[in-house]
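Listed here are the chains, written in short residue letters.
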Amino acid sequence: MFNINDYKFDEKHNYLEIGGEAMIFHCHHYITNLQRTILDADYIDSSRFLIGSAADSVYYQLTNLCKGLNVEESKKMAEDIYKCFGFGLIDLECMDENGCELKTTNSFFSKTWEMKFGKRSEPIDYYTSGFLAATYAVIYNKELKDIRAIQTSCLACGDEVNTHVIKLGDCNYDTYPKKTPTKFKEVPKLKIDWEHEEAITNAFLGAHATMVGNEEGLIPAFGVYLARNQSDYINRLQFEFVHKMTEVAGDYGVTLAGELLLEAGHACGFFTYGGIMTSNEWNSVVKPYLETKEDWIKALASLVNTMGWGYHTAVEISENRAVFRNYNDFEDLSYVRMYGKSTYPVHWANSGGFTGLMQLIYNSDLVNGIKIETEEGFRHMRRSKERYKTVMTKSIACGDDYLEVEIYK
Amino acid sequence: MKSCVSSEQVSKIYHRLYEIGKSINETASTEELYNMACEFATNELNYEKALIFEHDDSNGWFKIVKSKGYNTPVEQKILRIINLLLSGEVIEYLRINGEPIIHTEKSPKKQVQSLVKSLFLTEAYFELFGGDSDIPYGLIVVGNGMNDASNFSTLLEDSILMLALGNFTVQLSNTINNIVFYKAWQSEKENLEKNIIKRTQQIEAQKIELETHRNHLQKIFHNRGSGIIIVDKNKVILEVNPKVCEMWGYLEEEILGQHIGILQITDQSAAEFREITFEKVLEQTCIEVDCQMEKKSGLRFWVQFSREVLNTQGDILWVINDVTELKESQEEIKKIHRETQDSIQYASLIQQAIIPEERNFVEYFSDFLTLWKPKDIVGGDIYLLEELRNKDECLLMVIDCTGHGVPGAFVTMLVKAIERQVKGIISADSTLEVSPAWILSYFNVTMKKLLKQEIGNTVSNVGFDGGVIYFNKKTNILKFAGAGTPLFYVEDNELKTIKGDRHSVGYKRSKMDFQFREHMIEVKDGMKFYLTTDGYFDQNGGYEGLPMGKKKFKEILKRNCHESFVTQKIKFINELKNHQKSHIRNDDITLIAFEI
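Conventions adopted
- Residues numbered from 1 in each chain as written.
- Chains lettered and ligands numbered in written order.
- Predicted model: local features only at pLDDT ≥ 70, side-chain atom pairs only at ≥ 80, totals over all residues.
- Heavy atoms only, no water.
- Helix = DSSP H or I, 4+ residues; strand = E, 2+ residues; numbered from the N terminus.
- Buried < 20%, exposed > 50% of the residue type's maximum accessible area, 1.4 Å probe, protein only.
- Contact = heavy atoms within 4.5 Å.
- Pairing = 2+ DSSP bridges.
- Axes fitted to C-alpha atoms, helices over the stretch in contact; angles between N-to-C directions.
- Patch = residues over 30% accessible without salt bridge, like charges linked within 9 Å, V, L, I, M, F, W, Y side chains within 5 Å.
- Areas by Shrake-Rupley, 256 points an atom, 1.4 Å probe, with all protein chains shown as cover.
- Salt bridge = Lys/Arg side-chain N within 4 Å of Asp/Glu carboxyl O.
- Phe/Tyr/Trp six-rings, centres within 6.5 Å; stacked < 30°, edge-to-face > 60°.
- Parallel < 35°, antiparallel > 145°, perpendicular 65-115°, else oblique.
- Nonpolar A, V, L, I, M, F, W, Y, C, P; charged D, E, K, R; others polar.
- Core = buried A, V, L, I, M, F, W, Y, C linked by side-chain atoms within 4.5 Å.
- Polar contact = N/O pair within 3.5 Å; in protein donor to acceptor, adjacent residues only side chain to side chain.
- Left-handed = near helix turned anticlockwise from the far one by under 90°.
- Arc of directions from axis to C-beta.
- Lys, Arg positive; Asp, Glu negative; His and termini not counted.
- Charge placed at Lys NZ, Arg CZ, Asp CG, Glu CD.

*Asks:* What am I meant to see in the overall build of chain A here?
*Replies:* Of the regular secondary structure elements, chain A holds 13 helices and 11 strands. Counting across all 409 residues of chain A, residues that qualify as buried make up 62%. Here the analysis covers contacts within chain A between residues at least 6 apart in sequence; of these, 72% occur between residues at least 24 apart.

What follows is the structure, given as structure tokens:
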């Protein structure tokens, strides 16, 4: 029913859209770190936006994908995209007009949380609760605000299955105003100053279509588990977190939330880029082109420009200082679409990712094939006084033409 | 910066500092220390608010663990929310610069501007304490908020107060390090003590276990039915158990400390024994050897030595069993076997004696072959050729008695005896029409009666399959009757078969009154006849280990029937060998063939 190859990659904007939603990959390090950051701030009620954000994005996406499909076909579509995007496996046979009590033993969120942080006392798969709420709403023509979505058991808690109860009732998540269509910034791009950019980009163009859920509905790649997220879903988590922190902590809330989100982005860049740059594909296709450490950075940018995160480039690169840009980055576009203009830069994942990249290239032995794979190794590296600092200087959400970030020692 | 405090106040402050310094040591809790810090900052130095942040290494956060001056619910709520990241701007700045941040309205610091506001402060002093520059232990924040400033000391306005604050932070830093290190040391000490106790308990348990095992081994050593000797690498006896003393008739003290040679070896020289046993010690992990020994009394006996290497010092353990009776039994068995073999060999001579001589065939046939191969020394197959009433008549029988080996041979004797009776009956009546069918019937009835097999509850059940041929060379008449045995013959280059009756002779199941069919052939010169027991074509062989089969037998026959019987015999033997290959022989083989 659902075929990823039916959706063409927008090479002009380095963007992939499925059912009206921009789609981007994130690794399990980032997603679990982000969730933990949000949940650790237990003084804010985060479950409302953890579920609501997923419900909102999936609702719009499935509304478009299920147009013209009957109930069974729509269920199949939902099952297919859930699996294809790497979230696990769901069987919607139990869903009917009254909702469902769905059980599954394959969950990206539960599995990866337990991998990173061990068991927890409360269920963690908020995304699937939101996904199922949206699916129910679309298939049975309900309003999101009339649905209650609860996870009653979780593999990450030591239970045998994840159980999600979806029914009409007192809504336990936030709902949001309608989003505006994505608006790209049509500005001239500063190209990566590297002769092999086109070769690398062309080699990996379309590679994203090979990264789909396996028989367990998971996408293991580059030493991490990837999930193909609705960009608005994952970004809204950040934005809502910052908003809530500002509400409770005042002006410092923005700073604190921002620092935490940067940290999550840093972890993502560190582990995922590290995985990419030590993979067989990298060694066989890219490494022959690399001569300097700066080439490694440019090559990575050339590769990730095929992933739908925007067009990454560098104004300046050296060990002590780098200035990166991303044209039509997924975070800013998302913010603008959902919230309009911002008074502060909103691209923490991007910026954290760039920082992680600099750390990898100049402060570790990655170019010699040695990668730091453990949490302890990452934390040790982060404590070092040699670490890089990040300043987000430009943001499309603030009215600029592109994202820009300065990273220095 | 001037000082606005009086000398009395200064004295009080430093006296308090002194008291604090004296009262706290490494045994204090961090809770106590933080309390003192907040009290000092607010009571002695008269600042409005004080906060202590402590670093949580699991997530890199600095969380507020102690506060003073935060009284309202709103202020209290914020304390849970405000965290600082180790990698965040504020901590980062403090770590790298190693200097406190002092933020005032007149001299604001950008890094802490929003934080100060969120902490309900207008001016604040930030300084790290404890740990090291990579991972500080905590952060102290002292400052004033929105309340009436005249009630409180103002940051940067009084040098003595700033100095006192700085001094206190240094003291705080050193003390927290001492507390942390002391705790670690205590923990190490406790663990060490715990480990000592645990390890001692383990050793005690092991000792008990060893003692138990030792007791068990002692019991085995002393009570075992086998002798046990332990020798060192020089073959000096270290230990013996009572059984050894009993076996050889020595006292323990006569043996211990002696060379193993004291256990006198007869029949085998000590050198031979050494070669078999000690030299092979290193080659194998376990060896067994039988030897004849001599007791102290001079009596000889047999023992079986089993040996094991005990340890790396070369000590060896020998387990010895008296196998004299076993040896004697073995000798007896060998003797009986020899005698039995001799009997069987003699029986073979007897059986061969009743087999007709080849020259007898010459009297009646132009050419012939005889192939008689019992499976064992004696067998259940037999063939007989007897002259009847005159030189023109003969009776040829090829018989396959029940089984093979000795039992089969017994039955052949019985067959021979009955054959003599048959010959006697025929010879007594010159007008009697000799009938192979009647002969088979006679055998059938006679054997059943003799072996009491006409009733069903006898133990024995023997008989035979076979073919009987009556040949008169004067009249050129050949008569045949078969019991489970066919007659093959070649006439004008054509192979023909006369099947025997599907009825054996003499068995319990054989009918007493069975009438065998008789076949008569008018023979002419050149005709060739073949009579065989089933041993030939039932022989297993080939790639699949299956019997040769009658079909293949007939093919061999057809292929070679034009040859002389000398050649044919060789061909039959070779074909059998080629088919049989490495398979064992199934049965006795008898093949008789002749040419008119």
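*Asks:* Whenever I open this one, the overall build of chain B confuses me. Can you help?
*Replies:* Scanning chain B from N- to C-terminus turns up 15 helices and 23 strands. When burial is assessed residue by residue, chain B has 46% of its 596 residues classed as buried. Look at the contacts in chain B between residues 6 or more apart in sequence, and 61% of them connect residues 24 or more apart.

*Asks:* Sorry, what's going on with the sheet that holds strand E8 (residues 311–317) of chain A here?
*Replies:* Strand-to-strand pairing in sheets goes through backbone hydrogen bonds, with the strands running parallel or antiparallel. Residue and element names in this part refer to chain A. Here four strands make up an open sheet; going across it, the order is E8-E9-E11-E10 and the pairing antiparallel. Of all strands in the sheet, those with a lone pairing partner are E8 and strand E10 (389–394), marking the two edges. With direction set aside, neighbouring strand axes in the sheet form an average angle of 20°. Across five bridges, E10 lies against strand E11 (residues 403–408) in antiparallel orientation. Each bridged residue has a counterpart across the sheet, and for Thr-390 the counterpart in E11 is Ile-407. Across the sheet, helix H12 (residues 348–363) lies against E8, strand E9 (321–327), E10 and E11, angled at about 35° from E11, the strand it touches most.

*Asks:* Looking at this model, I keep getting lost on a nonpolar patch on the surface. Mind explaining?
*Replies:* Residue and element names in this part refer to chain B. There is a patch of nonpolar side chains on the surface, built from Tyr-346, Leu-349 and Ile-350 and spanning about 330 Å² of accessible area. Mapping Leu-349 onto the fold places it in helix H10 (residues 324–354). Owing to a relative accessible area of 52%, Leu-349 belongs among the exposed residues under this scheme.

*Asks:* What is the right way to read the packing of aromatic side chains from this model?
*Replies:* For any two aromatic rings, the description comes down to two numbers: the centre-to-centre distance and the angle of the planes. Residue and element names in this part refer to chain B. Going through the model one piece at a time under the given rule, you end up with 48 aromatic pairs over all chains. Measuring from ring centre to ring centre gives 5.4 Å for Phe-529 and Phe-594, while their planes differ by 20°; the resulting arrangement is stacked. With Phe-529 in strand E20 (residues 528–532) and Phe-594 in strand E23 (residues 589–595), this pair connects stretches of sequence that are 65 residues apart. With a relative accessible area of 0%, Phe-529 lands in the buried category. Since its relative accessible area comes to 1%, Phe-594 is described here as buried.

*Asks:* For this particular structure, what's the right way to read the pattern of salt bridges?
*Replies:* Oppositely charged side chains can pair when the atoms bearing their charge come close. As enumerated under the stated definition, the model contains 43 salt bridges over all chains in all. Residues Glu-97 of chain A and Lys-142 of chain A are paired through a salt bridge, measuring 2.5 Å at the closest nitrogen-oxygen approach. Taken together, the residues span a long stretch of sequence, with Glu-97 of chain A in the loop between helix H3 (71–84) and strand E3 (100–104) and Lys-142 of chain A in the loop between helix H5 (126–139) and strand E4 (147–153) at a distance of 45 residues. We classify Lys-142 of chain A as buried; its relative accessible area is 17%. Arg-420 of chain B is paired through a salt bridge with Glu-386 of chain B; the nearest N and O atoms lie 3.5 Å apart. In this pair, Arg-420 of chain B is assigned in helix H12 (residues 405–428) and Glu-386 of chain B in strand E13 (residues 381–387), connecting sequence segments 34 residues apart. We classify Glu-386 of chain B as buried; its relative accessible area is 13%. Overlapping salt bridges bring together Glu-21, Asp-56, Lys-179, Asp-232, Arg-236 and Arg-337 of chain A as one network.

*Asks:* Sorry if this is basic, but what is going on with the packing of helix H7 (residues 231–249) of chain A against helix H11 (residues 330–339) of chain A here?
*Replies:* Any two packed helices are characterised by how steeply their axes cross, that is the angle between the axes, and by the distance between the axes. Residues and elements named next belong to chain A. It is the contact of H7 with H11, at a shortest axis distance of 9 Å, that shows an interaxial angle of 70°. In terms of orientation, H7 and H11 fall into the roughly perpendicular class. Contacts between H7 and H11 involve Ser-231, Asp-232, Asn-235, Arg-236, Gln-238, Phe-239, Glu-240 and His-243 from the former and Phe-330, Glu-331, Ser-334, Tyr-335, Arg-337, Met-338 and Tyr-339 from the latter. Here the residues of the contact of H7 with H11 are counted per class, giving five nonpolar, five polar and five charged.

*Asks:* What should I look at first to understand the nonpolar core in this one?
*Replies:* For soluble globular proteins, nonpolar side chains are generally found buried alongside one another. Core analysis: the largest hydrophobic core is formed by 166 residues, its most contacted members being Phe-241, Met-277 and Trp-282 of chain A together with Phe-126 of chain B. Broken down by element, the residue count for this core peaks at 13 residues, all from helix H8 (residues 251–276) of chain A. Grouped together as the second largest cluster of nonpolar side chains are 53 residues, Phe-368, Ile-382, Leu-395 and Val-505 of chain B included.

*Asks:* Hey, could you run me through unusual backbone geometry in this one?
*Replies:* What is expected of a backbone is that most residues other than glycine have negative phi and most peptide bonds are trans. Of note in this structure, Asn-141 of chain A is not a glycine but carries a positive phi near 55°. You can see Asn-141 of chain A is positioned in the loop between H5 and E4. Given a relative accessible area of 71%, Asn-141 of chain A falls into the exposed group. The phi torsion at Asn-476 of chain B lies on the positive side, around 55°, for a residue other than glycine. Positionally, Asn-476 of chain B belongs in the loop between strand E15 (464–472) and strand E16 (477–483). Looking at Asn-476 of chain B, the relative accessible area reads 28%, which means it is partly exposed.

*Asks:* Looking at this structure, how should I read the interface of chain B and chain A?
*Replies:* Quite often, the size of an interface is put as the accessible area lost when its parts meet. Counting residues at the interface gives 25 residues for chain B, matched by 24 residues for chain A. Our enumeration of links across chain B and chain A arrives at two salt bridges. Where chain B touches chain A, the interface holds seven residue pairs in polar contact (both at pLDDT 80 or more). Listed by contribution, the elements that provide at least two residues to the side of chain B that touches chain A are helix H3 (73–81), strand E3 (83–85), helix H4 (89–97) and helix H5 (113–118) of chain B. A per-class count over the side of chain B that touches chain A returns 10 nonpolar, eight polar and seven charged.

*Asks:* Help me understand the sheet that holds strand E2 (residues 21–27) of chain A in this model?
*Replies:* All names here are of chain A. With antiparallel pairing, the four strands of this open sheet are ordered in space as E1-E2-E7-E6. Looking along the sheet, the strands with just one partner apiece sit at the ends: strand E1 (17–18) and strand E6 (219–221). Sheet analysis places E6 next to strand E7 (residues 224–230), joined by three bridges and oriented antiparallel. Residue Ala-221 lies in a different strand from E7, and its bridge partner there is Val-224.

*Asks:* I keep staring at the packing of H3 of chain A against H5 of chain A and nothing clicks. Help me out?
*Replies:* Residue and element names in this part refer to chain A. Across the interface, H3 lies against H5 with an axial gap of 10 Å and an inter-helix angle of 160°. Classified by the angle between their axes, H3 and H5 sit roughly antiparallel to one another. The way H3 lies across H5 gives a crossing that is right-handed. On H5, the residues touching Val-71, Ser-74, Lys-75, Ala-78, Ile-81 and Tyr-82 of H3 are Tyr-127, Thr-128, Phe-131, Thr-135 and Ile-139. Classifying every residue of the contact of H3 with H5 gives seven nonpolar, three polar and one charged.

*Asks:* For this particular structure, what's the right way to read the environment of Gly-145 of chain B?
*Replies:* Residue and element names in this part refer to chain B. If you trace the backbone, Gly-145 turns up in strand E6 (residues 136–145). The class of Gly-145 is buried, set by a relative accessible area of 8%. Sequence separation between Gly-145 and Val-116 is 29 residues, and the spatial gap between their C-alpha atoms is 9.0 Å. With sequence-adjacent residues up to four places away left out, Gly-145 is seen in contact with Glu-48, Phe-120, Leu-121 and Thr-122.

*Asks:* Would you mind showing me how to read the side chain of Asn-177 of chain B here?
*Replies:* Residues and elements named next belong to chain B. Counting through the fold element by element, Asn-177 comes out in helix H6 (residues 159–223). For Asn-177, a relative accessible area of 18% gives the class buried. Within the local environment of Asn-177, its side chain forms a polar contact with the backbone nitrogen of Gly-131, the two atoms lying 2.8 Å apart. Those residues in contact with Asn-177, other than ones at most four positions away along the chain, are Gly-130 and Gly-131.

*Asks:* I keep staring at the environment of Asp-429 of chain B and nothing clicks. Help me out?
*Replies:* Residue and element names in this part refer to chain B. Structurally, the position occupied by Asp-429 is in the loop between H12 and helix H13 (436–450). Separated by 40 residues in the primary sequence, Asp-429 and Arg-389 have C-alpha atoms spaced 8.6 Å apart. In terms of polar contacts, Asp-429 uses its side chain to reach the side chain of Thr-431, at 2.7 Å.

*Asks:* Looking at this structure, I do not really get H3 of chain B. What am I missing?
*Replies:* An α-helix turns once every 3.6 residues. As a result, residues three or four positions apart point the same way. Within the span of H3 of chain B, buried status applies to Glu-75, Ile-78, Leu-79 and Ile-81 of chain B. All buried residues of H3 of chain B fall inside an arc of 165° around its axis, so they share one side. Projecting away from the buried face of H3 of chain B at angles above 90 degrees are the exposed residues Pro-73 and Lys-77 of chain B. Against the buried residues of H3 of chain B lie H7 and H8 of chain A together with strand E1 (49–56), strand E2 (61–68), E3 and H5 of chain B.

*Asks:* Whenever I open this one, a positive patch on the surface confuses me. Can you help?
*Replies:* A cluster of like positive charges, contributed by Lys-499, Arg-502, Lys-550, Lys-554 and Lys-558 of chain B, occupies part of the molecular surface. Tracing the chain through its elements places Lys-550 of chain B in helix H14 (residues 550–560).

*Asks:* Can you walk me through the environment of Ser-67 of chain B in this structure?
*Replies:* Residues and elements named next belong to chain B. Its location among the elements puts Ser-67 in strand E2. Residue Ser-67 is classed as partly exposed on the basis of its relative accessible area of 25%. Put simply, Ser-67 and Lys-49 are 18 residues apart on the chain and 7.4 Å apart in space, counted from C-alpha to C-alpha. Discounting chain neighbours no more than four positions away, the residues touching Ser-67 are Cys-38, Ala-50, Leu-51 and Leu-79.

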